[in-house]
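# Per-entry structural report
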Amino acid sequence: MTHNAITVRPALTSDVRNIQAMRQPLEGSRVLLGHELVGLYEAVPEFMVAVDENDFVVGAGALHVMWEDLAEVRSVVVAEHMRGHGVGKAILDALLDRASHLGIKRVFCLTFEVDFFAKSGFVEISDVPVDSQTYAEMVRSHDDGVAEFLDLARVKQNTLGNTRMLKTL
């Protein structure tokens, strides 16, 4: 199967079980945080999926808007048999394009795949790149990804070993 046979499109509710099946092996290894099925359904509007010529889901990723000018790329996953074929890059490009269309200026990720994101212009950061007023508003979020971005103690176990990265669009 060639990279040309891959199409990236917005996720449908009918894609969720395939997304979950790709995620499960990585959730156990702490590469991806575990998500309940209901959480994946709730996040369908955030997801883009890569499908092959048979419309089978071979990759997925989500864009979660965190603030006026800030979003997070999360849950990027590629089916094991398709890794190394440009599927992840196609998904990431689609998510960055979506961010740009939404008016997002900065995209954050928390990842073990530093080289993958660096190739797309993400750079490692050590701090929380928002001003104190924005921080005070964002800390009210109940979303664990926002808490991870803010480096809150309650989610430290989720972020161990991950690298914080940011890309300016």
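Bear in mind the structure is a predicted one, so any value in this text is a computation, not a measurement. (Residues numbered from 1 in each chain as written. Predicted model: local features only at pLDDT ≥ 70, side-chain atom pairs only at ≥ 80, totals over all residues. Heavy atoms only, no water.)

### What about unusual backbone geometry?
For aspartate 55, which is not glycine, the phi torsion reads 65 degrees and is therefore positive. Topologically, aspartate 55 is positioned in the loop between β2 (47-51) and β3 (57-67). A residue is classified by how much of its surface remains accessible, and aspartate 55, at 46% relative accessible area, is partly exposed. Even without being glycine, aspartate 151 reaches a positive phi, approximately 65 degrees. On the secondary structure map, aspartate 151 appears in the loop between α6 (144-149) and α7 (156-159). (Helix = DSSP H or I, 4+ residues; strand = E, 2+ residues; numbered from the N terminus. Buried < 20%, exposed > 50% of the residue type's maximum accessible area, 1.4 Å probe, protein only.)

### What to know about the environment of alanine 94
On the secondary structure map, alanine 94 appears in helix α3 (residues 87-101). On the basis of relative accessible area, alanine 94 is assigned to the buried category, the value being 17%. With 44 residues separating them along the chain, alanine 94 and alanine 50 place their C-alpha atoms 9.7 Å apart. Setting aside its immediate chain neighbours within four residues, alanine 94 contacts Val8 and Met48. (Contact = heavy atoms within 4.5 Å.)

### Digging into the side chain of arginine 9
You can see arginine 9 is positioned in strand β1 (residues 7-10). Within the structure, arginine 9 has its side chain in polar contact with the side chain of aspartate 15 (distance 2.7 Å). Discounting chain neighbours no more than four positions away, the residues touching arginine 9 are Asp15, Met48, Val49, Val51 and Asp55. (Polar contact = N/O pair within 3.5 Å; in protein donor to acceptor, adjacent residues only side chain to side chain.)

### Concerning the pattern of salt bridges
Throughout the structure, instances matching the rule amount to 7 salt bridges. The shortest N-O distance in the salt bridge between arginine 9 and aspartate 15 comes to 2.7 Å. For the pair formed by arginine 9 and aspartate 15, the shared burial category is buried. As a salt-bridge pair, arginine 140 and glutamate 137 come within 3.5 Å of each other at their nearest N and O atoms. (Salt bridge = Lys/Arg side-chain N within 4 Å of Asp/Glu carboxyl O.)

### Some thoughts on the packing of aromatic side chains
In this description, an aromatic ring pair is defined by two values, namely the gap between the centres and the angle between the planes. Throughout the structure, instances matching the rule amount to 3 aromatic pairs. Ring centres of phenylalanine 108 and phenylalanine 149 lie 4.6 Å apart, and the angle between their planes is 80 degrees; this geometry places the pair in the edge-to-face category. Linking phenylalanine 108 in strand β5 (residues 106-111) with phenylalanine 149 in helix α6, this pair joins segments that are 41 residues apart in sequence. The residues phenylalanine 108 and phenylalanine 149 share a single accessibility class, namely buried. Ring geometry for phenylalanine 116 versus phenylalanine 117: centroids 5.1 Å apart, planes at 85 degrees, classification edge-to-face. For phenylalanine 117, a relative accessible area of 5% corresponds to the buried category. Members of the aromatic cluster, joined through ring pairs, are Phe116, Phe117 and Phe122. (Phe/Tyr/Trp six-rings, centres within 6.5 Å; stacked < 30°, edge-to-face > 60°.)

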